[in-house]
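# An overview of the molecular structure
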Amino acid sequence: MILAERLLVRENPDHPSSFSMWVGSKPRHSRAPLWRCVACTVALFFVLGEGFAQTATADSSCRQATLKVKRGQELLAQGDGAEAIRELNSAQSLCPEKEDIALALPRAYLATQQFAQAEETTRRFLARVPASEAGQLLLADCYFAQRRFPEAATTLQKLLAQNRANVDALRQLGIVAFTVGDQRNAEQIFREVLSRRPEDAEVLDYLGGVYYFKGDYKKAIETFEKILVFRPSSYEAYDRVASCYQAMQDTETAIQFFKKAGTLSPGKAPPDDGPFTHLAQTLIMAGRKAEAVPSAREAVRINPNTSLNQFLLGNALFHAGELTEAVEHLRKAAELDPNDPQPHFVLGNIFKKLSKTAEAQREFAKFQELTRKAGAKNPSDSPPKAAARD
């Protein structure tokens, strides 16, 4: 019985209830006074009107929240994490009951590496909606980001026990297994995922990685090349295939695939120095050090803040005869990684070539000191860097 009807019955016991009207029982009075009908109508209008107003307000708040989520995601993409989180906090306050709005905030915390806040806000959401699969998956992501792999695995296993059809949870469990080195389980899980999503490029990439670490390079190549069937511009897949050929000591084929990866990667946003770094490494290790200058230079242009890139360029420039510039990049490499002996070894060779004996001796002494600390016998014992030699 609606609220207005109950109010009327309480005031007038003779008024027929809605139940008696539907079952056909005869009311004590066949007609209610006009004023009571009017009162009933007014009361009903008031109650329904109030409900409609509340619904309209809630809908308006959620619409505002949706706009704020969109704005927050835009800010996040622009790198303004603090402002994005403020927008998403506001969105969650406006419409906390909608899952996609409520989880946007912890996802932003996760993206900005504020892992404790991401976990806390996800837990708060799950306390209200414990059955949310998206929330449970996000909690597992929080654990994974904090390298709490057993907790991530347990969360995902519980979710899959409730719903084995959740492919996102299954693939994440495979990634956890891969990360902790459980390649056997990772392979089984990735195969199951691919039986449902055969064009999942990330899972194919991980499965290829499983075969790579097992030493089954041919199977790894076959798996990475499957990505190229539906993503022919995937420079990452070319880069992976090149690494497999390099491991098989097929240097020429590896170089060709690294070069192909390099021609495709400029469209990546943000740019990726990986293919250029890998090509420079491969050329240097093959003894073609001066040939490595263009790729090493491009790697430094994209990412100047890694010791490896600076070292590779300095090493290549040394063998190309560009000694002054080589010194600049090797000193930068030593600055970025003070514990790496290899830049000092190459610097010693450069100063020796320039007949700067005191400086050469100082660099060689530094090389020997750091080598003893690192437990390495010579520069080639510390891959993937390849040191220059006389």
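Residues numbered from 1 in each chain as written. Predicted model: local features only at pLDDT ≥ 70, side-chain atom pairs only at ≥ 80, totals over all residues. Heavy atoms only, no water.

### Re the packing of aromatic side chains
Inspection of the entire model under this criterion finds ten aromatic pairs. A ring pair is formed by Phe178 and Tyr206, whose centres lie 5.1 Å apart and whose planes are at 75°; its orientation type is edge-to-face. Of this pair, Phe178 sits in helix H10 (residues 167-179) while Tyr206 sits in helix H12 (residues 201-214); the two residues are 28 residues apart in sequence, bridging distant segments of the chain. Ring-pair connections join several aromatic residues into one group, and the members of that group are Phe178, Phe190, Tyr206, Tyr212, Phe213 and Tyr217. (Phe/Tyr/Trp six-rings, centres within 6.5 Å; stacked < 30°, edge-to-face > 60°. Helix = DSSP H or I, 4+ residues; strand = E, 2+ residues; numbered from the N terminus.)

### So, the pattern of salt bridges
Throughout the structure, instances matching the rule amount to 23 salt bridges. Ionic pairing is found between Arg171 and Asp200, a salt bridge with its closest N-O pair at 3.0 Å. One end of the pair, Arg171, is in helix H10; the other, Asp200, is in the loop between helix H11 (183-196) and H12, and 29 residues separate them in sequence. With respect to burial, Arg171 and Asp200 carry one shared label: buried. Linking Lys373 and Glu369 is a salt bridge whose minimum nitrogen-to-oxygen distance equals 3.4 Å. Of the two residues, Lys373 and Glu369 are both situated in helix H21 (residues 357-374); the distance of four residues between them amounts to about one turn of the helix. (Salt bridge = Lys/Arg side-chain N within 4 Å of Asp/Glu carboxyl O. Buried < 20%, exposed > 50% of the residue type's maximum accessible area, 1.4 Å probe, protein only.)

### As for helix H6 (residues 104-111)
With six of eight residues buried, H6 is to be regarded as a mostly interior element. Regarding H6, the residues found buried are Ala104, Leu105, Pro106, Ala108, Tyr109 and Leu110. Taken from the residues just after H6, Gln113 is the one with a positive phi, measuring 60°.

### Quick word on the state of the cysteines
The full count for this structure, using the stated rule, is one disulfide. What pairs with Cys62 in a disulfide is Cys95, and their sulfur atoms sit 2.0 Å apart. Across the S-S bond of Cys62 and Cys95 the torsion is about 75°, and the bridge reads as right-handed. Of this pair, Cys62 sits in helix H3 (residues 34-77) while Cys95 sits in the loop between helix H4 (81-94) and helix H5 (99-102), and the two are 33 residues apart along the sequence. (Disulfide = S-S within 2.5 Å.)

### A look at the side chain of Ser243
Counting through the fold element by element, Ser243 comes out in helix H14 (residues 235-247). Residues within four places of Ser243 in sequence aside, it is in contact with Tyr212 and Phe258. (Contact = heavy atoms within 4.5 Å.)

### Comments concerning the nonpolar core
Counting 90 residues, the largest nonpolar core has Leu156, Phe190 and Ile350 as its most contacted members. A per-element tally of this core places H10 first, with eight residues. Beyond its immediate chain neighbours, meaning those up to four positions away, Ile350 contacts Phe318, Leu323, Ala326, Val327 and Leu330. (Core = buried A, V, L, I, M, F, W, Y, C linked by side-chain atoms within 4.5 Å.)

### Regarding the confidence of the model for the protein chain
For the protein chain, the average pLDDT comes to 84, and 81% of its residues sit at 70 or higher. When the criterion is pLDDT under 50, residues 376-390 qualifies, and its contacts beyond four places in sequence or with other chains add up to 44 contacts. (pLDDT = per-residue confidence, 0-100.)

### What about the packing of helix H8 (residues 133-145) against H10?
At a minimum axis distance of 11 Å, the contact between H8 and H10 shows a crossing angle of 15°. With respect to each other, H8 and H10 are oriented roughly parallel. At the point where H8 passes H10, the crossing takes the left-handed sense. Between H8 and H10, the contacting residues are Leu137, Asp141 and Phe144 on the first element and Asp168, Ala169, Gln172, Ile175, Val176 and Thr179 on the second. Residue classes in the contact of H8 with H10 are distributed as five nonpolar, two polar and two charged. (Axes fitted to C-alpha atoms, helices over the stretch in contact; angles between N-to-C directions. Parallel < 35°, antiparallel > 145°, perpendicular 65-115°, else oblique. Left-handed = near helix turned anticlockwise from the far one by under 90°. Nonpolar A, V, L, I, M, F, W, Y, C, P; charged D, E, K, R; others polar.)

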